[in-house]
Amino acid sequence: MVKIEKAAWDTMVAHAESEFPNECCGVMLGAMGDEKVVKSAVPLENAYTGGQQDRYELRPEDLLAADRRARAEGLELIGIFHSHPDCDAYFSKTDLENSCPWYSFVVLSVKGGKFDHANCFQPNADQTAAEKEELTWPKS
Ligand SMILES: [Zn+2]
């Protein structure tokens, strides 16, 4: 179960809406326990060089820097978030191929430039399937 705190959630939604109609991406930092609590979110640049309406790519060095930042703050890198502009929050075949089994993946659906809904996924070790993970965020 992944629980996102308000400050982190506001950052994720703002990033997803401001990058619309392109996909946004970023990382979620927090504490791992019985549940994963996301305390802050770091927007990263979508490095995909083709059309970004339905693709995102994280630079490995950005991910590494975010991981260092998390450790420096006593947090852990819980997972990665990205948006699906004018599309539902499902985990696509491309998402699965580019995933890592040790992270949680939050997908935010943004429709017409406004946040619509979100889902969280946890890929299996072989990256052949991703289970839906329970996700909660502050309703405003
Ligand atoms: Zn996706």
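Residues numbered from 1 in each chain as written. Predicted model: local features only at pLDDT ≥ 70, side-chain atom pairs only at ≥ 80, totals over all residues. Heavy atoms only, no water.

Asks: Hey, could you run me through the nonpolar core in this one?
Replies: A general trend in soluble globular proteins is that nonpolar side chains are found buried together. Residues Val 27, Leu 29, Leu 58 and Ile 80 are the most contacted members of the largest nonpolar core, which totals 21 residues. Mapped by element, the contributors of at least two residues to this core are β2 (25–32), β3 (36–44), α2 (60–72), β4 (76–85) and β5 (104–111). Beyond its immediate sequence surroundings of up to four residues, Ile 80 is in contact with Gly 26, Val 27, Met 28, Tyr 56, Leu 58, Leu 63, Tyr 103, Ser 104, Phe 105 and Val 106. Counting 20 residues, the second-largest nonpolar core is a separate cluster that includes Ile 4, Ala 8, Met 12 and Leu 135. (Core = buried A, V, L, I, M, F, W, Y, C linked by side-chain atoms within 4.5 Å. Buried < 20%, exposed > 50% of the residue type's maximum accessible area, 1.4 Å probe, protein only. Helix = DSSP H or I, 4+ residues; strand = E, 2+ residues; numbered from the N terminus. Contact = heavy atoms within 4.5 Å.)

Asks: Would you take a moment to explain the pairing of β4 for this structure?
Replies: The side chains of a regular strand alternate between the sheet's two faces. Where burial is concerned, most of β4 is hidden: 9 out of the 10 residues are buried. Looking at chain direction, β2 and β4 are connected through 6 bridges and run antiparallel. In the strand pairing of β4, Leu 29 is matched with Leu 77. Summarising the sheet, β4 and β5 pair through 7 bridges and their orientation is parallel. (Pairing = 2+ DSSP bridges.)

Asks: Explain the side chain of Ser 109 here, please?
Replies: Relative to the assigned elements, Ser 109 resides in strand β5. The exposure class assigned to Ser 109 is buried, which follows from its relative accessible area of 0%. Beyond its immediate chain neighbours, meaning those up to four positions away, Ser 109 contacts His 84, Cys 87, Asp 88, Ala 89, Lys 114, Phe 115, Asp 116 and His 117.

Asks: Explanation requested: the coordination of the zinc ion in the structure shown.
Replies: Tetrahedral coordination by four donors places them ideally at 109.5 degrees to one another around the metal; octahedral coordination by six donors ideally gives 90 or 180 degrees. In the first shell of the zinc ion, the protein supplies His 82 (NE2), His 84 (NE2), Asp 95 (OD) and Asp 95 (OD), at 2.0 to 2.5 Å from the metal. Classification of the site at the zinc ion as irregular follows from its 4 donor atoms and the range of 56 to 162° in their angles at the metal. If you list the donors of the zinc ion from N- to C-terminus, the spacing comes out as H-x1-H-x10-D. A residue pair is termed long-range when its members are at least 10 positions apart, and His 82 in strand β4 and Asp 95 in helix α3 (residues 93–97) qualify at 13 residues. Asp 95 shares its class with His 82; the two are buried. (Donors = N, O, S within 2.8 Å, 3.2 Å for Na, K, Ca; no water. Tetrahedral: all angles 85-135°; square planar, octahedral: opposite > 155°, others 65-115°.)

Asks: Could you clarify how one ought to interpret the sheet that holds β5 in this entry?
Replies: Adjacent strands of a sheet pair through backbone hydrogen bonds, lying either parallel or antiparallel. Spatial ordering of the open sheet is given by β7-β6-β5-β4-β2-β3-β1-β8, a layout of 8 strands whose pairing is mixed. Each edge of the open sheet is held by one strand with a lone partner, namely β7 (130–133) and β8 (135–136). Running over the sheet, helix α1 (residues 6–19) touches β1 (2–4), β2, β3, β4, β5 and β6 (114–123) and is turned about 35° from β3. On the sheet, α2 packs against β2, β3 and β4 and is oriented at approximately 135° with respect to β4. (Axes fitted to C-alpha atoms, helices over the stretch in contact; angles between N-to-C directions.)

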